Amino acid sequence: MQVREKIKINNSYKLVLKEIGKRGIWFVLSFVLSFSSGVGGSCPFAISLISVSGKKDFLFSAVGAGLGYIVFCDSTDAVRYFSTVIIAALGTIAINFFNTRKEIYLPMLVSFLSVLSTGIVMNIRNGDTAGAYALTAGESVLAMGASFFFFRTVHCNFKRLKYKALPVTDITCLMVSAAVVLAGLSFIEIKGVSPARVIAVLAILTAVRFGSYSRGLIIALCLGFALGISRENSMFLLGAYAFSAMVAGLFTSISRIGIGISFTLSMVFFAVAANAGGFSVCCVIESALAAVILALLPEAITDRISDFYESGADIAPDGSLRQSLVVRLRFASSALAQVSESVRDVREKINEMGRIEPMESELRMVAADQFFSISDMLGDLAFEFDDAEIFDFKSAGKIRRMLGEYDIYPENISVIIDKFDRMRIEILDSSKTKGLDSPRIKNEIAKICGRDFEKSRTNLSGSNLLLTIIEKPNFKMSFGFAQYCAEGKLCGDTIKTINDSRGHMIFIISDGMGKGSRAALDGAMGAGLLSKLLSAGFGFDSSLKVVNSALLVKSSEESLATLDCACVDLFTGKCEFYKAGAPRSYIIKNDTVSKCELSSMPAGILRGIEFAKRTTVLNVNDEIIMMSDGVTDVGEELIDEFLRYDDSDSPNDRAKEILDFALAHSEERHRDDMSVIVARLIKG
């Protein structure tokens, strides 16, 4: 017990120290920013920091800023800026009270009005000229701009702080904020040489050497601007740092020494051109010192710097086989849960009619079949992942950075390219995320990947959302269907159409035994379960086993359903027929009618049934026609002759005409439920 109490006390101390450290950072930053002045002596940056601070932080930032202004400003400016601190603190309290921290314009407005109001009061009191009023307006705009950068920095997603994974806008805001802090420290000089500017040059050189050309240029521009406005005759640093970074980038393949020398020589040119006297010489010395430090850095430190700049380059483990497998299995598990719930619901409905217990031995055998079915399903997923030739990590990284621009940070991004060079993108995020499936984001992803994509599809599972985007296939399916109910309003046949988000179009007709409500229940259960499993990525054979087991345990009475399926690959036109007790289907190619008739058993009669299969390849304008036995019962010859001479334009019209033909050639008292699907392959 004493050990536990000591651990609790130690943890409490750690939490307290951590909180003190966080508050201390705000105090120190605001104190430093209070003497971070721009051209003309304006120093509004501490005010900007106050406006973006949170409920627990604004008091510390206000105290740090107020103390800094009192210490570093003359009496007149100290009074003015201390008043500004009070106004900014009151505005920040109001923002926090109304809980609107995520609105960026409010902190910007607070800092702008705080600096502007006190500045105008001082201008009126001193009887200043128009130039002084313009300077006040400029200082107010500077404060507002700093609030923008500070706000974006504070609200970066630091949980994913991987340099190359961050959006460019976040990197820019981070660099500008850091540059402003360095500018505040740049007044500390040793014989005119500023350690802050040495650190700035070293940051640029390391970015060029270990990061990338573009990242180094961004850092150079940010630091050059902030340090350029920190004193008189120093604006040349903006162009000097940027151009020198570009020159140094030409020598990245040589060595660290080459980068440092080229940067320093470029700074010599700008120092001479600027003709800023001793300050120009100091800038060259600072560059040389940074170059020497870079050359002398030990390997252990350079490895860490390199890891920092490379972190997030591939966004590992996004797109990795392990992550993608976990994502798919999660949704597969959800599909199985839905299957179980569906079986339970149906069983409860049957029990309401009259509870009859099935034989115990039969239940055990069906349970054993279920274990085999699950094994087959996992095998289907393994086969699919084996077909994934490439996981495109770099594209996943680019997509993550693009989504970061929209403040969307997904859990996982997988960019999968199969052995046929087809691309599929899966993005996992919270179901509460808004805008992930917007057309603008789809267009941005298309630009990143250099491919055309279909409309994205979403799949919800609990609190998760899986967005799937597949490459636009070569073909599409134009289809129509028609149905007739033989008894009442419930049709014993169920039709399902599925686009599985992997480039396949699937058509299903499930015919329950008999007609009316009982047949409708069996047909809906067969088609419903099969469509859910196929949508989750399982194969036809393993899915049939689950459907068969579900129908076997549904009730002690005989319960069966035929399953007629056609799966069309929209990239190649390959069409696969799967039949379990289903009647013949038809394939129409160039006005030639051929039959697909396969012998098989319906689901729900015996254990261990399998689909009968046949494969064909469709060309543009070829059609497949699927029918339930209520239609085919009118006679094979009649159906063949009608299909041979039918010249309907659309698949939907053709389906209705086939149904009308079957109704016209059957006796009403012997009619069964009827269903027809007509699907035509067309160009994508």
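Cut-offs used in this document
Residues numbered from 1 in each chain as written. Predicted model: local features only at pLDDT ≥ 70, side-chain atom pairs only at ≥ 80, totals over all residues. Heavy atoms only, no water. Helix = DSSP H or I, 4+ residues; strand = E, 2+ residues; numbered from the N terminus. Contact = heavy atoms within 4.5 Å. Areas by Shrake-Rupley, 256 points an atom, 1.4 Å probe, with all protein chains shown as cover. Axes fitted to C-alpha atoms, helices over the stretch in contact; angles between N-to-C directions. Left-handed = near helix turned anticlockwise from the far one by under 90°. Nonpolar A, V, L, I, M, F, W, Y, C, P; charged D, E, K, R; others polar. Buried < 20%, exposed > 50% of the residue type's maximum accessible area, 1.4 Å probe, protein only. Pairing = 2+ DSSP bridges. Core = buried A, V, L, I, M, F, W, Y, C linked by side-chain atoms within 4.5 Å. pLDDT = per-residue confidence, 0-100. Parallel < 35°, antiparallel > 145°, perpendicular 65-115°, else oblique. Phe/Tyr/Trp six-rings, centres within 6.5 Å; stacked < 30°, edge-to-face > 60°. Patch = residues over 30% accessible without salt bridge, like charges linked within 9 Å, V, L, I, M, F, W, Y side chains within 5 Å. Salt bridge = Lys/Arg side-chain N within 4 Å of Asp/Glu carboxyl O. Lys, Arg positive; Asp, Glu negative; His and termini not counted. Charge placed at Lys NZ, Arg CZ, Asp CG, Glu CD.

Chemist: So what's going on with the overall build of the protein chain? Residues and values would help.
Modeler: For the protein chain, the count of helices and strands is 22 helices and 15 strands. Summarising the internal contacts of the protein chain: among those between residues at least 6 apart in sequence, 71% fall at separations of at least 24. Surface accessibility of the protein chain: about 32400 Å² in total, with carbon and sulfur atoms responsible for 60%.

Chemist: Which residues make up the packing of helix α8 (residues 195-210) against helix α10 (residues 236-249), and what values do they have?
Modeler: Two elements in contact, α8 and α10, have axes whose closest approach is 9 Å; the angle formed by their N-to-C orientations is 35°. In the crossing of α8 with α10, the sense of the turn from one axis to the other is right-handed. Each of R197, V201, I204 and V208 in α8 lies in contact with α10, whose residues at this interface are L237, Y241, A245, A248 and G249. Partitioning the contact of α8 with α10 into residue classes produces seven nonpolar, one polar and one charged.

Chemist: Describe in detail the pairing of strand β15 (residues 674-683), supporting the description with residues and values.
Modeler: Taking burial as the measure, the 10 residues of β15 include eight buried ones, the bulk of the element. Pairing of strand β6 (residues 475-484) with β15, which is carried by 10 bridges, proceeds in the antiparallel orientation. Within the sheet, the bridge partner assigned to F475 lies in β15 and is K683. Bridging between strand β14 (residues 623-627) and β15 involves five bridges; their strand directions are antiparallel. Across the sheet, residue E623 finds its bridge partner in β15, namely R680.

Chemist: Now, about the nonpolar core: what can you tell me, with residues and values included?
Modeler: With 38 residues, the main nonpolar core has I204, L205, L237, Y241 and F263 as its most contacted residues. Taken together, the elements giving at least two residues each to this core come down to α7 (168-185), α8, α9 (213-228), α10, α11 (256-274), α12 (278-296) and α13 (299-310). The element that contributes the greatest number of residues to this core is α8, accounting for 10 residues. Those residues within four positions of L205 in sequence are excluded, and the remaining contacts are I259, G260, F263, A290, A291 and L294. Judged by nonpolar contacts, the second largest core, of 31 residues, contains I47, I50, A143 and V176.

Chemist: Residues and numbers for the sheet that holds β15, please.
Modeler: Taken together, the five strands give an open sheet; going across it, the order is β6-β15-β14-β11-β12, and neighbouring strands pair in antiparallel fashion. A strand with exactly one partner marks an edge of an open sheet, and here the two such strands are β6 and β12 (592-596). When strand polarity is set aside, the average angle formed by the axes of neighbouring strands in this sheet is 20°. With three bridges joining them, strand β11 (residues 585-589) and β14 adopt antiparallel strand pairing. Counterpart to I588 in the pairing with β14 is E623. Sitting on the sheet, helix α22 (residues 651-664) is in contact with β6, β11, β14 and β15, with an inclination near 30° to β6.

Chemist: An account of the confidence of the model for the protein chain is requested, with residue identities and associated values reported.
Modeler: Summary statistics for the protein chain give a mean pLDDT of 80 and a share of 82% for residues scoring 70 or more. Predicted confidence for residues 313-319 stays below pLDDT 50, and this span has 22 contacts to residues more than four positions away or in other chains.

Chemist: Can you explain the packing of helix α2 (residues 45-52) against helix α5 (residues 105-126)? Please cite residues and give values.
Modeler: It is at 8 Å that the axes of α2 and α5 come closest, and there the two elements cross at 140°. Here α5 runs oblique to α2, going by the angle between their axes. Relative to α5, α2 is oriented so that their crossing is right-handed. Between α2 and α5, the contacting residues are I47, S48, S51 and V52 on the first element and P107, V110, S111, S114 and V115 on the second. Of the residues in the contact of α2 with α5, the class split is five nonpolar, four polar and no charged.

Chemist: If you had to explain the packing of aromatic side chains to someone new, which residues and values would you point to?
Modeler: Centre-to-centre distance and the angle between the planes together describe a pair of aromatic rings. In this structure the tally under the stated criterion is 12 aromatic pairs. On the numbers, 6.2 Å between centres and 75° between planes, the contact of F540 with F611 is edge-to-face. Of this pair, F540 sits in helix α19 (residues 540-554) while F611 is found in the loop between β12 and β13 (612-617), placing the two residues 71 residues apart along the sequence. Assigned by exposure class, F540 and F611 land together as buried. Ring centres 5.7 Å apart and planes at 70° place the aromatic pair Y578 and F611 in the edge-to-face group. Here Y578 is found in strand β10 (residues 574-580), whereas its partner F611 is found in the loop between β12 and β13, with 33 residues between them in sequence. We note that Y578, like F611, is buried. Among the aromatic residues, ring-to-ring pairing joins F243, F269 and F270 into one connected group.

Chemist: Outline a negative patch on the surface, listing residues and values.
Modeler: Together, D647, D649, D653, E657 and D660 make up a negatively charged patch on the protein surface. Relative to the elements of secondary structure, E657 occurs in helix α22. Given the relative accessible area of 34%, E657 is considered partly exposed.

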